[in-house]
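# Examining the three-dimensional arrangement
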Amino acid sequence: MVSVEMLNATLCFGATMYSLVQRSHHPPMHEPLKGHLEIYSQELGEAAKLKPLEIELKRLEDLSESIVQDFSYMRQREEEMRDTNESTNSRVLYLSLFSLCCLIGLATWQVLYLRKFFKAKKLIE
């Protein structure tokens, strides 16, 4: 029987790009929890003695700032993924051209070898 501990595994699929510039990695995006926002709003209101409307505006400002940061993070990730995709596509192209050249060279060698073989056996002239 398989236990839950045996099923826990971590898989990592990725491409590492080495460059002279160290890339900054942002933490993964998250959606704030409603309870967390309520606690934050209460603490903010108590600390600054703000009106409920001001607390709501501050919460919305923080939420919009978080959304902007998430979008910039997504834009950065999209650029990295596009670069990886373009790199992979060019490698596949070069591998395909190399394979094609190898196959053409092998086919030419095979024709010349068989022609020489059949001439030696005097089956063709």
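Residues numbered from 1 in each chain as written. Predicted model: local features only at pLDDT ≥ 70, side-chain atom pairs only at ≥ 80, totals over all residues. Heavy atoms only, no water.

Looking at an unreviewed UniProt entry, one finds the protein chain named Transmembrane emp24 domain-containing protein bai and attributed to Chionoecetes opilio. The protein chain has a UniProt comment under Subcellular location (unreviewed entry) that states "Membrane". A UniProt comment under Sequence similarities (unreviewed entry) is attached to the protein chain, and it reads "Belongs to the EMP24/GP25L family." (UniProt positions renumbered as here; feature names shortened; annotations may be inferred.)

Another point: the overall build of the protein chain. For the protein chain, the count of helices and strands is three helices and zero strands. Across the protein chain, helices and strands are ordered from the amino to the carboxyl terminus as α-α-α. Residue burial in the protein chain is summarised as follows: out of 125 residues, 6% are buried. Of the roughly 12000 Å² of accessible surface on the protein chain, 63% is carried by carbon and sulfur atoms. (Helix = DSSP H or I, 4+ residues; strand = E, 2+ residues; numbered from the N terminus. Buried < 20%, exposed > 50% of the residue type's maximum accessible area, 1.4 Å probe, protein only. Areas by Shrake-Rupley, 256 points an atom, 1.4 Å probe, with all protein chains shown as cover.)

On to the pattern of salt bridges. In this structure the tally under the stated criterion is four salt bridges. We note a salt bridge from arginine 59 to glutamate 56, for which the minimum N-O separation is 2.5 Å. Here the residue arginine 59 and the residue glutamate 56 both occupy positions in helix 3 (residues 52-120), the gap between them amounting to three residues, near one helical turn. A salt bridge links arginine 77 to glutamate 80; the shortest N-O distance between them is 3.3 Å. Here glutamate 80 and arginine 77 lie together in helix 3, a separation of three residues that amounts to about one turn. Look at arginine 77 and you get partly exposed, because its relative accessible area is 32%. (Salt bridge = Lys/Arg side-chain N within 4 Å of Asp/Glu carboxyl O.)

Before going further, it helps to spend a moment on the packing of aromatic side chains. Tallied over the entire structure, the rule returns two aromatic pairs. A ring pair is formed by tryptophan 109 and tyrosine 113, whose centres lie 5.5 Å apart and whose planes are at 20 degrees; its orientation type is stacked. In this pair, tryptophan 109 and tyrosine 113 are both assigned in helix 3, four residues apart and thus about one turn of the helix distant. Classification of tryptophan 109 by relative accessible area gives exposed; the value is 52%. (Phe/Tyr/Trp six-rings, centres within 6.5 Å; stacked < 30°, edge-to-face > 60°.)

The next thing to look at is helix 3. Taking 1.5 Å of rise per residue, 69 residues should cover 102 Å, and helix 3 covers 100 Å from first to last C-alpha, within 8% of that figure. With its phi angle positive at about 60 degrees, lysine 122 sits one or two positions after the end of helix 3. (Expected span 1.5 Å × (residues − 1).)

Let us look at the state of the cysteines. The full count for this structure, using the stated rule, is zero disulfides. As a non-bridged cysteine, cysteine 101 has cysteine 102 as the owner of its nearest cysteine sulfur, 7.1 Å distant. (Disulfide = S-S within 2.5 Å.)

Here the phi dihedral of lysine 122 falls at roughly 60 degrees; this positive angle occurs in a residue that is not glycine. As for its position among the elements, lysine 122 is in the segment after helix 3.

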